[in-house]
Structures are given as structure tokens and as C-alpha cells.
Amino acid sequence: MRAKNYFVGAAFALLVGGMASSVRAQEIKIGEINSYSLLPAFTEPYRKGWQLAVEEINAAGGINGKKLVVISKDDGGKPADAQTAANELVSSEGVAMLAGTFLSNIGLAVSDFANQKKVFFLAAEPLTDAVTWSKGNKYTFRLRPSNYMQAAMLVEAAAKLPAKRWATIAPNYEYGQSAVAVFKKLMSEKRPDIQWVDEQWPPQGKIDAGPVVQAVAQANPEAILNVTFGADLVKLVREGNTRGLFKDRAVVSFLTGEPEYLDPLKDETPEGWIVTGYPWYSIKTPEHDAFLKAYQAKYNDYPRLGSIVGYQTIKSAAAILAKAGSTDPEKLIAAAEGLSVGSPFGETTFRKIDHQSTLGAFVGKTALKDGKGVMVESSYKKGADYLPSDAEVEKLRPKD
């Protein structure tokens, strides 16, 4: 009897194991990594965006008939933890590709892992130019417009300002350093008459706004480039308003028009800053209308830029997997190079030369409306129009 029970149990285990294997065979997994606990203002809407995308993809039949599953991990804002998460997703979960990341230093860490382990990686948010240029590799692609692209968009407006004396304020890590360097380069090329009179480098997430504002004021610039965001931006604006730093001074600011950073400023929002951002309330296109309707129906909330990034990251990943018809990294690379994908902002293309997406950004000005910050006079800038020549890119990017 014991032997009979043993054989029945073994047969049952084999049956269950076979069923589980069959289920796994009908799934395609994407491993997603982001700084959820560190930067919830961006990453929570981002998560909602990619969850909506997964729901839509599976409702439409999945990827070549297979169900899409996203396994998500929190890197806590630490590059080493991001690499550990990437390793677990690849070795334990058997994901077909990696996607996500926010901070530039973490994006570079996961990109390095992908290159070493020969795993496809779609970087969602990290903005440093190094992701696709100086530290670019064959396994890494990027969705968001880079620092170069956003700087070029801002410089287009900034170069028309009469200001000649400029100061910069930026977080002292890869993203801030990269943004300031490329803005200064592009701005000086268009306006060789300007002077850079001061640089302030507060630690990311730990700005002591009083001394920063005081130092900039003492330098007496006519215009300021700001690259701070999140809680640091709120502190800088509050202190700057109190001390009159922004009065009669032009300010050009990366990301400040994104709702996740503009909304917390409330009635303290400074008016007239030239910014990149996401004026979801004033975009009137069929693609965006469809996204907005679906997002609001699911979440009863308005989207942030993170929502767009999360949504489009998974939509792009699914398009790459569908075209490749395989999870082989080399076939994914071949499928992604030159691939055009629809988005809430219109069609985007992953360039073969550097794996940068041509997703663009909105540029406009900050204003106060009903006691809160909004973007006005905004227009969409196509990413493809703000990239350097192929010859220049070839000099910037190492050969695979």
C-alpha cells in the first residue's frame, strides 16, 4: 500500500510539474527594476503606466499568443542592489529581457550588467548621455529623450534670452553633471558671448537650499539653469522665492513641467520658467486622448510623465519581442534596431546607430492657475530633431 501511495504521489508531482512547465511555456517574462521606495512621486505613476500596458497587451492576445508577465523589483536607489535584482531576474526568474531604472547611475549599472551577461536591457528613464553614447553597448536601448536632447530643446529657447551671465544648480551625481555639461556646451556654441559665473552642486535628495540660494545670489547671474527635482526642487523654490532669487531673472529648468515635480510646488510655483514637462491637460491628439481615457478609467486619476514612461516602456518591449518572435538577445537587438512603435506622443523609433528612441518632450513655461502650477505655451519637440549627426554619434559611442 505504501508503495502504491508513493507511485501515486510521484505521478501527481510529475503531473503538477508538467502543468507548471506548460504554463511557463505560454508566458513571456520581462524583468523590471526601479527605485520605487526612493522616488515614489515618479515611480508609482510609472508602475500604473506599465500595469495598464500589460493589461492592454494581454487583452489583445499577448505577445504572439503568449501571456506577458512583468516581474518587478525595487532597487532602493542603490546601483549594487539594482545589479543584484537584475541577476536574480535573469538567473532565477528566467526573464527574456530587463527594463526600467530611473537614476542615471543605476541605469549605467544595469546597462553594464546587461553587457557583461549578454541580456537585452530597455532603459526607461535614466537620462545621462552615457547610456547610449560613451558607455553605450549593443544590449542597451533607451526610451526617454536624453540629457542632450532635452538640453537642445531648452537651448533653442534659452539662447534667445538677453541674459549673458549664467549660474547653474544641479544635483551632484551622474544625471546632474551630465545635464549641466551638455547644456553649457550647446548654449555656449549658440551664444559664445555668455559667461558661466557660478555652479552649485548640492547632494541629490539632501539640498541645503539656504546656502545654495545665497551663493547664487552673490554671483549675481542674469539667468539660472536648474536641474534639481523632487523634494530638492520644492526646497529650492521656497528658499529662492523667500530671498527673491528668481525676481527679474530668467530660469531654465529640466523636468520642472512634469506634474510629479510641478504639482508639489502648489501656489509657490514660480512663473515664466522655461521647462521641459508634460501638460497632459492641453495635449489634443488621438493617440494621447486614447491613453488618457484608458488611464483615467482604470485609476480615476490623471497621468504623470512617469505614467507615460512606464506605459511606453512595456509597449515598446512587447513590440520588440513580437517582432523578434524569440527571446534570444541577438534576435531582440536585431528586432529593436530601427523599430518604430506608436506612443501617446506619436510614433517613435529606436535608432540603429545608438539605440536611442526618438520619443520627444514638451517645452513650455510655468504659470499659476487656480493656485497651482501648470505649463503654458507648450509645444511638442520631436526627439529626432534634437540629436547630433551620425558622424558625431560615431565619435561619441564605442564600437560594439
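Definitions and cut-offs
Residues numbered from 1 in each chain as written. Predicted model: local features only at pLDDT ≥ 70, side-chain atom pairs only at ≥ 80, totals over all residues. Heavy atoms only, no water. UniProt positions renumbered as here; feature names shortened; annotations may be inferred. Helix = DSSP H or I, 4+ residues; strand = E, 2+ residues; numbered from the N terminus. Domains from an automatic or database assignment. Contact = heavy atoms within 4.5 Å. Buried area = accessible area lost by both parts, 1.4 Å probe. Salt bridge = Lys/Arg side-chain N within 4 Å of Asp/Glu carboxyl O. Buried < 20%, exposed > 50% of the residue type's maximum accessible area, 1.4 Å probe, protein only. Pairing = 2+ DSSP bridges.

A. Expanded view of the UniProt feature "domain: Leucine-binding protein" (unreviewed entry) in the protein chain. Sites flagged by UniProt as "domain: Leucine-binding protein" (unreviewed entry) map to residues 28-365. Annotated as residues 28-365, this span is 43% helix and 18% strand, and its ends, taken at the C-alpha atoms, are 42 Å apart.

B. Geometry of the domain arrangement of the protein chain. Split into domains, the protein chain comes out as domain 1 (2-145 + 285-360) and domain 2 (148-282 + 362-386). Centre-to-centre separation of domain 1 and domain 2, based on C-alpha positions: 31 Å. Each partner contributes residues to the interface: domain 1 has 31 residues there, and domain 2 has 24 residues. Between domain 1 and domain 2, roughly 2200 Å² of surface is buried when both sides are summed, and carbon and sulfur atoms account for 63% of that area. Our count for the contact surface shared by domain 1 and domain 2 stands at one salt bridge.

C. Expanded view of the side chain of Arg144. Assignment of secondary structure puts Arg144 in the loop between strand S5 (140-142) and helix H5 (147-158). On the accessibility criterion, Arg144 (3% relative accessible area) is buried. Setting aside anything within four residues of it in sequence, one finds Arg144 in contact with Phe42, Ala124, Glu125, Leu127, Gln150, Leu255, Glu258, Leu305, Val309, Gln356 and Leu359.

D. Geometry of the pairing of strand S14 (residues 372-381). Pairing between strand S13 (residues 361-369) and S14: eight bridges, direction antiparallel. The partner of Lys369 across the bridge, within S14, is Lys372. Where S13 folds back on S14, the antiparallel hairpin that results is connected by two residues, among which Asp370 adopts a positive phi of roughly 55°.

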